[in-house]
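Working through the structure, step by step
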Amino acid sequence: AQSVTQPDIHITVSEGASLELRCNYSYGATPYLFWYVQSPGQGLQLLLKYFSGDTLVQGIKGFEAEFKRSQSSFNLRKPSVHWSDAAEYFCAVASSGAGSYQLTFGKGTKLSVIP
Amino acid sequence: IAGITQAPTSQILAAGRRMTLRCTQDMRHNAMYWYRQDLGLGLRLIHYSNTAGTTGKGEVPDGYSVSRANTDDFPLTLASAVPSQTSVYFCASSQGFYNEQFFGPGTRLTVL
């Protein structure tokens with residue numbers, strides 16, 4: 001069965017600093033990977049996804065993620081964090097079914113941004 | 001505006017009561033999903049539906065049932081609520097393989 005590990009429960013960074021959120025996955029086949037963001041009291045919004053091809057994926061809001069098969073990782077990065085990036089971030093891996101797919105989520109990393 | 005609506009926004013429910021959480025999407029997506037979110041556990045899949053008329057069990061299906069009579073609606077029913085079902089419930093939908101899952105705003109359910 002697939003699984004996702006986000007080792008950091010809570011990260012605090014200063015505004016303007018760079019950010020890297022870690023994600024490790026376990027999946028028997030070629031993984032399909034996602035990063036979602038959840039602002040307080042809101043639903044989830046897709047930041048980016050990796051299906052195949054270029055291992056460096058660009059997303060919305062200036063985020064990017066790099067797929068590293070050898071390390072089973074899909075870390076999320078942003079060169080300069082803004083206060084509005086404070087939220088909870090979830091990494092997920094997809095397993096396929098007939099006509100759809102199911103997401104297995106990590107437990108999330110809460111990002112705090114200090115001025 | 002296209003998207004997913006969920007009702008109610010929040011609910012307090014006595015244990016043993018029956019409750020149906022409603023979810024409607026207007027994007028004509030074939031697949032729909034129900035997740036629960038608990039602090040420190042992330043989101044876990046309860047049930048899903050690949051297309052109208054079919055449903056499947058996710059990671060934590062016990063105590064929950066779903067139906068998919070048409071494309072747009074995917075209600076989640078708790079036949080006899082228990083306190084461990086206190087959670088935030090999110091409905092989602094997607095079209096085809098590996099396209100983005102769109103999430104609703106969530107329903108906060110408290111079972112006393």
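Reading the values: rules and limits
Residues numbered from 1 in each chain as written. Chains lettered and ligands numbered in written order. Predicted model: local features only at pLDDT ≥ 70, side-chain atom pairs only at ≥ 80, totals over all residues. Heavy atoms only, no water. Helix = DSSP H or I, 4+ residues; strand = E, 2+ residues; numbered from the N terminus. Buried < 20%, exposed > 50% of the residue type's maximum accessible area, 1.4 Å probe, protein only. Contact = heavy atoms within 4.5 Å. Areas by Shrake-Rupley, 256 points an atom, 1.4 Å probe, with all protein chains shown as cover. Lys, Arg positive; Asp, Glu negative; His and termini not counted. Charge placed at Lys NZ, Arg CZ, Asp CG, Glu CD. Salt bridge = Lys/Arg side-chain N within 4 Å of Asp/Glu carboxyl O. Buried area = accessible area lost by both parts, 1.4 Å probe. Nonpolar A, V, L, I, M, F, W, Y, C, P; charged D, E, K, R; others polar. Phe/Tyr/Trp six-rings, centres within 6.5 Å; stacked < 30°, edge-to-face > 60°. Pairing = 2+ DSSP bridges. Axes fitted to C-alpha atoms, helices over the stretch in contact; angles between N-to-C directions. Disulfide = S-S within 2.5 Å.

To continue, consider the overall build of chain A. Scanning chain A from terminus to terminus reveals 0 helices and 12 strands. N-terminal to C-terminal, the α/β element order of chain A is β-β-β-β-β-β-β-β-β-β-β-β. In terms of its C-alpha atoms, chain A occupies a principal-axis envelope of roughly 45 × 30 × 25 Å. When the 115 residues of chain A are sorted by exposure, 46% land in the buried category. Relative to all contacts within chain A whose residues are 6 or more apart in sequence, the contacts with residues 24 or more apart total 53%. Accessible surface for chain A amounts to roughly 5,300 Å². Of this, 49% is attributable to carbon and sulfur atoms. Here chain A contributes 9 positive and 8 negative side-chain charges, whose respective centroids are spaced 5 Å apart.

Below, the discussion takes up the pattern of salt bridges. Residue and element names in this part refer to chain A. Scanning the model with the defined rule gives 7 salt bridges over all chains in all. Ionic pairing is found between Arg-77 and Glu-64, a salt bridge with its closest N-O pair at 3.2 Å. Of this pair, Arg-77 sits in strand S9 (residues 73–78) while Glu-64 sits in strand S8 (residues 64–68); the two residues are 13 residues apart in sequence, bridging distant segments of the chain. A relative accessible area of 23% means that Arg-77 is categorised as partly exposed. A salt bridge links Lys-78 to Asp-85; the shortest N-O distance between them is 2.8 Å. Across the pair, exposure class does not vary: Lys-78 and Asp-85 are buried alike. Taken together, the salt bridges that share partners define one network made up of Glu-64, Glu-66 and Arg-77.

We now examine the interface of chain A and chain B. Tallying the contact residues gives 22 residues for chain A and 23 residues for chain B. Buried surface at the junction of chain A and chain B, summed over both partners, amounts to about 1,900 Å²; 57% is from carbon and sulfur atoms. Summed over the shared surface of chain A and chain B, the number is 0 salt bridges. Counting residues per element, the ones that place at least two in the side of chain A that touches chain B are strand S5 (32–38), strand S6 (44–50), strand S10 (87–96) and strand S11 (101–105) of chain A. Among the elements that line the side of chain A that touches chain B, the one with the most residues is S11(A), at 4 residues. Here the residues of the side of chain A that touches chain B are counted per class, giving 11 nonpolar, 9 polar and 2 charged.

Quick look at the environment of Lys78(A) now. All names here are of chain A. Looking at where Lys-78 falls in the secondary structure, it is placed in strand S9. Residue classification places Lys-78 among the buried positions, given a relative accessible area of 10%. Apart from the residues within four sequence positions on either side, Lys-78 is in contact with Ala-17, Ser-18, Leu-19, Lys-61, Gly-62, Phe-63 and Asp-85.

All right, on to the packing of aromatic side chains then. Two descriptors summarise a pair of aromatic rings, namely the distance from one centre to the other and the angle between the planes of the rings. Residues and elements named next belong to chain A. Tallied over the entire structure, the rule returns 15 aromatic pairs over all chains. Between Tyr-50 and Phe-74 the ring centres are 6.4 Å apart and the planes differ by 45°, which places this aromatic pair in the tilted class. Note that Tyr-50 is positioned in strand S6 and Phe-74 in strand S9, a separation of 24 residues in sequence. Overall, Tyr-50 belongs to the buried group, its relative accessible area being 5%.

Moving on, we get to the sheet that holds strand S8 (residues 76–78) of chain B. All names here are of chain B. The 4 strands are arranged S1-S3-S8-S7 in an open sheet whose pairing can be described as antiparallel. At either margin of the open sheet sits one strand with a lone partner, and together these are strand S1 (4–7) and strand S7 (64–66). When strand polarity is set aside, the average angle formed by the axes of neighbouring strands in this sheet is 20°. Summarising the sheet, S1 and strand S3 (residues 19–25) pair through 4 bridges and their orientation is antiparallel.

This part is about the state of the cysteines. Applying the stated criterion across every chain yields a total of 2 disulfides over all chains. Residue pairing for Cys23(A): its cysteine sulfur links by disulfide to Cys91(A), the two sulfurs lying 2.0 Å apart. Across the disulfide from Cys23(A) to Cys91(A), rotation about the S-S bond amounts to roughly -65°, and the bridge is consequently left-handed. Placement of Cys23(A) in the loop between strand S3 (19–21) and strand S4 (24–26) and of Cys91(A) in strand S10 is noted, with a sequence separation of 68 residues between them. Here Cys23(A) matches Cys91(A) in class, with each residue buried. For Cys23(B), the disulfide goes to Cys91(B), at an S-S distance of 1.9 Å. The disulfide joining Cys23(B) to Cys91(B) has a torsion of about -70° about its S-S bond and is therefore left-handed. Of this pair, Cys23(B) sits in strand S3 while Cys91(B) sits in strand S9 (residues 87–94), and the two are 68 residues apart along the sequence.

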